[in-house]
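# Understanding the architecture of this molecule
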Amino acid sequence: MESQFPPDMLQRIERSGVISVLIIDDASDAVPLAKALLAGGVDAMELTLRTDAAVDALRRIRDEVPEMLAGIGTVISVDQIDPIVAAGAQFAVSPGLNPQVVRKAQQAGLPFAPGVMTPSDIEAAVELGCRELKFFPAEPSGGQTMLNSIRAPYAHLGVRFVPLGGVNEKNAASWLSNPGVFAIGGSWLTPKECLQKKDWTEVTRRAAEARAIADSISP
Ligand SMILES: O=C[C@H](O)COP(=O)(O)O
Ligand SMILES: CC(=O)C(=O)O
């Protein structure tokens, strides 16, 4: 069964290059936050299922900000799949790899990128039909040296990665230049203090900075 990303969605994520990781405590922040990211040129997000507000926030963004590609993160149990699909999730990711969650997402037709950190994780993901994977935690686990090593035996299978964890404006260009990477992700665009102050201007500035970095990397 497919957990592959549809070609048009994959192209969109590649073109965007940056997936903004969101932790939303107040669902009323969802729409202004998504619009601030879009204003800076970031049109893909991973809204993490770590707060009670997450599913409502997703629904609001899907209803009011259709230009945003709405991914959901921290999907770690099978009973989360149906609610996020009903709320409009367009893809999902997880910190690790739970085969039951991947299979449930496949049954629901939800493109899913599980998190991997070792060759065994990659082999389990490939066995499940996944080729787009999240490399997490990217920097703490060894950064590009680690990714290049664990990727090498599987590159011929078309396995590609979104590194996440310690990725930010300082190392974004380097990560995006890695041939095994098709986009990067991180929370640096939407720090907690910006949400607390509802400083959407700063979010837009950070998004525009990330967009400029992504655009500077030749395809
Ligand atoms: O959501 C995934 C990670 O917690 C994001 O890591 P980060 O905060 O280093 O970007
Ligand atoms: C680590 C991550 O991105 C997640 O919680 O899905």
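You'll find the structure just up there.
All of these numbers come straight from a predicted model, not from anything done at the bench.

### Examining the overall build of the protein chain
Looking only at helices and strands, the protein chain has ten helices and nine strands in total. For the protein chain, the spread of C-alpha atoms along the principal axes amounts to about 45 × 40 × 30 Å. The proportion of buried residues among the 219 residues of the protein chain is 53%. The contacts of the protein chain with a sequence gap of at least 6 include a subset with a gap of at least 24, amounting to 63%. Within the structure as shown, the protein chain displays about 9,200 Å² of accessible surface, and the carbon and sulfur contribution to it stands at 52%. For the protein chain, the centre of its 20 positive side-chain charges and the centre of its 26 negative side-chain charges are spaced 1 Å apart.

### So, the sheet that holds strand β3 (residues 69–73)
Ordered by their spatial adjacency, six strands build an open sheet running β5-β4-β3-β2-β1-β9, and the pairing between neighbours is parallel. A single partner strand is all that each edge strand has here, and the edge strands are β5 (112–113) and β9 (184–186). Of the pairings in the sheet, the one linking strand β1 (residues 18–22) to β9 comprises three bridges and is parallel in character. For I19, the partnering residue across the bridge sits in β9 and is G185.

Quick notes on the rules
- Residues numbered from 1 in each chain as written.
- Chains lettered and ligands numbered in written order.
- Predicted model: local features only at pLDDT ≥ 70, side-chain atom pairs only at ≥ 80, totals over all residues.
- Heavy atoms only, no water.
- Helix = DSSP H or I, 4+ residues; strand = E, 2+ residues; numbered from the N terminus.
- Buried < 20%, exposed > 50% of the residue type's maximum accessible area, 1.4 Å probe, protein only.
- Contact = heavy atoms within 4.5 Å.
- Areas by Shrake-Rupley, 256 points an atom, 1.4 Å probe, with all protein chains shown as cover.
- Lys, Arg positive; Asp, Glu negative; His and termini not counted.
- Charge placed at Lys NZ, Arg CZ, Asp CG, Glu CD.
- Pairing = 2+ DSSP bridges.

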